[in-house]
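# Summary of structural features
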Amino acid sequence: MNLKLHKPLCIFDLETTGTNIGKDRIVEICILKVNPDASRESKTWRVNPEMLIPKESSEIHGIYDEDVKDAPTFRDIASKVMEMIAGTDLGGFNSNRFDVPLLAEELLRVGMDFDLSKFKLVDAQTIFHKKEPRNLGAAYQFYCGKTLENAHSAEADVMATFEVLDAQVGKYDDIPNEIAPLSEFTFHNKNADLAGFIGYNEKMEEVFNFGKYKGQGVKAVFQKDLGYYGWLQNADFPLYTKKVFTKIQLSSKF
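Keep in mind the model is a prediction, meaning the values are calculated, not measured.

Here we come to the packing of aromatic side chains. Counted under the stated rule, the structure contains 20 aromatic pairs. With 5.0 Å between their ring centres and 90° between their planes, Phe197 and Phe237 make a pair best called edge-to-face. Taken together, the residues Phe197 in the loop between helix H8 (179-186) and strand E6 (198-200) and Phe237 in the loop between helix H10 (226-234) and helix H11 (239-251) connect sequence positions 40 residues apart. The exposure class assigned to Phe197 is partly exposed, which follows from its relative accessible area of 26%. Phe237 sits in the buried class, given a relative accessible area of 13%. Ring centres 6.0 Å apart and planes at 80° place the aromatic pair Trp231 and Phe237 in the edge-to-face group. Of the residues examined, Trp231 reaches a relative accessible area of 46% and is grouped as partly exposed. Aromatic ring contacts, followed pair by pair, group Phe197, Phe208, Phe210, Tyr213, Phe222, Tyr228, Tyr229, Trp231, Phe237 and Phe245 into a single cluster. Here the guanidinium or amino end of Lys130 rests over the ring plane of Phe185, the centre of that ring lying 4.4 Å away. For Lys131, the ring lying beneath its charged end belongs to Tyr172, and the centroid distance is 5.0 Å.

Below, the discussion takes up the domain arrangement of the protein. As far as domains go, the protein holds domain 1 (9-128), domain 2 (136-186) and domain 3 (198-251). For domain 1 versus domain 2, the separation of C-alpha centres amounts to 18 Å. Taken together, the contact between domain 1 and domain 2 spans 27 residues of the former and 22 residues of the latter. Where domain 1 abuts domain 2, roughly 2,200 Å² becomes buried across the two surfaces, and 74% of that area is made up of carbon and sulfur atoms. Our count for the contact surface shared by domain 1 and domain 2 stands at 6 residue pairs in polar contact (both at pLDDT 80 or more). Counting residues per element, the ones that place at least two in the side of domain 1 that touches domain 2 are strand E1 (9-16), strand E2 (26-34), strand E3 (40-46), helix H1 (55-61), strand E4 (89-92), strand E5 (121-123) and helix H5 (124-131). Each residue belonging to the side of domain 1 that touches domain 2 can be placed in one class, and the counts come to 14 nonpolar, 6 polar and 7 charged.

This paragraph deals with the sheet that holds E4. A sheet is described by the order of its strands in space; here 5 strands give the open sequence E3-E2-E1-E4-E5, paired in mixed fashion. The open sheet terminates on both sides in strands that have one partner only, identified here as E3 and E5. Sheet twist, expressed as the average angle between the axes of neighbouring strands with direction ignored, equals 20°. Examined bridge by bridge, E4 and E5 share 3 bridges and lie parallel to one another. The residue of E5 that forms the bridge with Gly91 is Val122. In the packing of helix H7 (residues 154-171) onto the sheet, contacts are made with E1, E2, E3, E4 and E5, and the angle to E1 comes to roughly 145°.

So, on to the packing of helix H6 (residues 136-144) against H7. Between H6 and H7, the least distance of the axes is 9 Å, while the angle of their chain directions is 45°. The orientation of H6 relative to H7 falls into the category oblique. Remark: the crossing between H6 and H7 carries left-handed chirality. Contacts from Leu136, Ala139, Tyr140, Phe142, Tyr143 and Cys144 in H6 reach Asp157, Ala160, Thr161, Glu163, Val164, Ala167, Gln168 and Lys171 in H7. When its residues are assigned to classes, the contact of H6 with H7 shows 9 nonpolar, 2 polar and 3 charged.

Thresholds, definitions, all that
Residues numbered from 1 in each chain as written. Predicted model: local features only at pLDDT ≥ 70, side-chain atom pairs only at ≥ 80, totals over all residues. Heavy atoms only, no water. Phe/Tyr/Trp six-rings, centres within 6.5 Å; stacked < 30°, edge-to-face > 60°. Helix = DSSP H or I, 4+ residues; strand = E, 2+ residues; numbered from the N terminus. Buried < 20%, exposed > 50% of the residue type's maximum accessible area, 1.4 Å probe, protein only. Lys NZ or Arg CZ within 6 Å of the ring centre and 35° of its normal. Domains from an automatic or database assignment. Contact = heavy atoms within 4.5 Å. Buried area = accessible area lost by both parts, 1.4 Å probe. Polar contact = N/O pair within 3.5 Å; in protein donor to acceptor, adjacent residues only side chain to side chain. Nonpolar A, V, L, I, M, F, W, Y, C, P; charged D, E, K, R; others polar. Pairing = 2+ DSSP bridges. Axes fitted to C-alpha atoms, helices over the stretch in contact; angles between N-to-C directions. Parallel < 35°, antiparallel > 145°, perpendicular 65-115°, else oblique. Left-handed = near helix turned anticlockwise from the far one by under 90°.

Now the structure itself:
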């Protein structure tokens, strides 16, 4: 294994009802846990999303309403998911922009806290796009010399993603093989939240990335316009973004 792990790494993939992080739901999740000694374990769950799966989504991942009508809900498996990822770092393919934010929403929705600061995030797609801009199937062929069978099944995608990530580390001399610096390499933009609504300025202070206060410090805005915080909490923002706003608002009192 080319990766040098100091703690377990969980590569995961979600199949979902759609691409709206705040509203769509998981229909399948696979987690591959790779330990520092290179031993592995994986778990796959089909999930009843408690909503209809749009036809266009089913045509991509092959999971239809009938396939998950008797499956557990995310609430039923959330504790198992949290148990598996506890004390690990997280990785995937396009995971920083989609899988991690959507998983955070699902966990927060069922009352389980997700603290981004406890995880290093590594996105194999970012490495691939920086080095060889293509998709997962092309990455698997390029780095591993294999054809990706059953693309868009969570298990096939997650297994391929780990092999691609490990091969990337072995191929490029300027790619770090440890998770902390690899996490830094795979971030396009650093944000305080997962959806990119809250950024940082040059002093590493949280700033708004949108709206009438775009570019202004969140804490300073809340100190002069507390009503804006109330509006944000009632608006259609992801739960994790609201959680970060609340943490900043509480600190603005001191």
